[in-house]
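Report on the structure
Letter by letter, the chains look like this.
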Amino acid sequence: MDEVQRILLRREAIAKRVQELGEEVSADRSPTDPLLAVAILRGAVIFAADLVREIKGPVELDFMAVSSYGNHSVSHGEVHVLKDLTEEIAGRDVLLVEDIVDTGHTVRFLLDTLGKRGPRSLRVCALLDKADRREVEVPIDYVGFRIPDAFVVGYGLDYAGRFRNHPEILALRPEALTS
Ligand code: IMP
């Protein structure tokens, strides 16, 4: 059985939207103080790599990894830090770069954790938003695409470690997910 149900977003559509997001972020940022983009490992790496090149002005890049849940198809709402930032963020303008906001627990945790460190600003840019699945409200400043409740892979997103290098965003068949 083919696990892929359909192509949700083609590479041209992704590239166009990422460029627009870069313009939105650029319009809001300080033109002089470096913006610290924090890419959440591992799913946001490809999005972040494209996004930072569409942001005008100085941008620094850091990474953070938080726990995910098994094959990612079910959330249990528990999040903890697996790899922390290298940079101090007190007084800095920080842009959290996420691949997808699903239940909202991950972004809620990141906002709480990083917010305590005293950044000057802390904004969220998510490529994908599955708003129908939200369990906790989270502010998302920049959203690439609102998508329906499907499990999606590609452009950095994985299913059990697979599909991250696929250039399009694909929806998998629900019956292909083992849990
Ligand atoms: P949340 O905490 O439920 O909002 O989930 C956020 C994380 O779950 C994302 O950063 C992804 O790692 C993972 N995730 C949620 N939905 C999907 C999906 O459809 N495909 C791949 N990963 C997903």
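Everything in this summary refers to the structure shown in the same document. (Residues numbered from 1 in each chain as written. Predicted model: local features only at pLDDT ≥ 70, side-chain atom pairs only at ≥ 80, totals over all residues. Heavy atoms only, no water.)

1. Here's the deal with helix α2 (residues 45–52)
Considered for burial, the residues of α2 that qualify are F47, A48, L51 and V52. Burial along α2 is one-sided: seen end-on, the buried residues are contained in an arc of 115°. On its buried side, α2 packs onto α1 (11–28), β2 (35–41), β3 (59–66), β5 (93–101) and β6 (121–129). (Buried < 20%, exposed > 50% of the residue type's maximum accessible area, 1.4 Å probe, protein only. Helix = DSSP H or I, 4+ residues; strand = E, 2+ residues; numbered from the N terminus. Arc of directions from axis to C-beta. Contact = heavy atoms within 4.5 Å.)

2. What to know about the environment of L85
Take L85: it is sitting in the loop between β4 (81–83) and β5. Overall, L85 belongs to the buried group, its relative accessible area being 11%. Each C-alpha atom of the pair L85 and A39 lies 9.8 Å from the other, and the pair is 46 residues apart in sequence. Excluding anything up to four places from it in sequence, L85 contacts V38, D62, F63, M64, L114 and R117.

3. What to know about the nonpolar core
Counting residues in each nonpolar core, the largest one holds 29 residues, and the members touching the most others are F47, L51, L95, L127, L128, V152 and I169. At the level of secondary structure, the elements contributing two or more residues to this core comprise β1 (4–9), α1, β2, α2, β5, β6, β7 (142–146) and β9 (169–172). Once residues lying within four places of it in the same chain are set aside, the contact partners of L51 are V18, L21, G22, L95, V97 and C125. If you look at the next biggest cluster of nonpolar residues, it comprises 20 residues, including I40, M64, L114 and V143. (Core = buried A, V, L, I, M, F, W, Y, C linked by side-chain atoms within 4.5 Å.)

4. Quick word on the side chain of R92
With respect to the helices and strands, R92 occurs in the loop between β4 and β5. Only 3.1 Å separates the side chain of R92 from the side chain of E60, close enough to count as a polar contact. Apart from residues no more than four positions distant in its own chain, R92 is found in contact with P34, L35, L36, E60, E87, P119, R120 and S121. (Polar contact = N/O pair within 3.5 Å; in protein donor to acceptor, adjacent residues only side chain to side chain.)

5. Side note on the packing of α1 against α2
The contact between α1 and α2 brings their axes to 9 Å, and the two run at 60°. Compared by their axis directions, α1 and α2 come out oblique. As for how α1 packs across α2, the hand of that crossing is right-handed. Each of V18, L21 and G22 in α1 lies in contact with α2, whose residues at this interface are F47, D50 and L51. Class assignment of the residues belonging to the contact of α1 with α2 gives a composition of four nonpolar, one polar and one charged. (Axes fitted to C-alpha atoms, helices over the stretch in contact; angles between N-to-C directions. Parallel < 35°, antiparallel > 145°, perpendicular 65-115°, else oblique. Left-handed = near helix turned anticlockwise from the far one by under 90°. Nonpolar A, V, L, I, M, F, W, Y, C, P; charged D, E, K, R; others polar.)

6. Observations regarding the environment of V94
Locating V94 in the fold gives a position in strand β5. Sequence separation between V94 and K130 is 36 residues, and the spatial gap between their C-alpha atoms is 23 Å.

7. Observations regarding the packing of aromatic side chains
Scanning the entire structure with this criterion turns up one aromatic pair. Seen from their ring centres, F151 and Y159 are 5.7 Å apart, and the 75° between their planes marks the pair as edge-to-face. Overall, the relative accessible area of 12% leaves F151 in the buried class. In this structure Y159 comes out as buried when scored by relative accessible area, which is 5%. (Phe/Tyr/Trp six-rings, centres within 6.5 Å; stacked < 30°, edge-to-face > 60°.)

8. Quick notes on the sheet that holds β2
Ordered in space as β4-β3-β2-β5-β6-β7, the six strands form an open sheet in which the pairing is mixed. In this open sheet, the two strands that pair with only one neighbour each are β4 and β7. Each neighbouring strand pair of the sheet contributes to a mean axis angle of 30°, computed without reference to strand direction. Contacting β2, β3, β4, β5 and β6, helix α3 (residues 105–115) crosses the sheet at an angle of about 165° to β5. (Pairing = 2+ DSSP bridges.)

9. Some words on the pairing of β3
Two elements, β2 and β3, share seven bridges in a ladder whose sense is parallel. Within β3, the residue paired with V38 across the bridge is D62. What joins β2 to β3 is α2, and the crossover it makes is right-handed. When β3 meets β4, the two strands line up antiparallel, connected through two bridges. Residue pairing in the sheet places A65 in a bridge with K83 of β4. (Right-handed = clockwise from strand over helix to strand, strands pointing away.)

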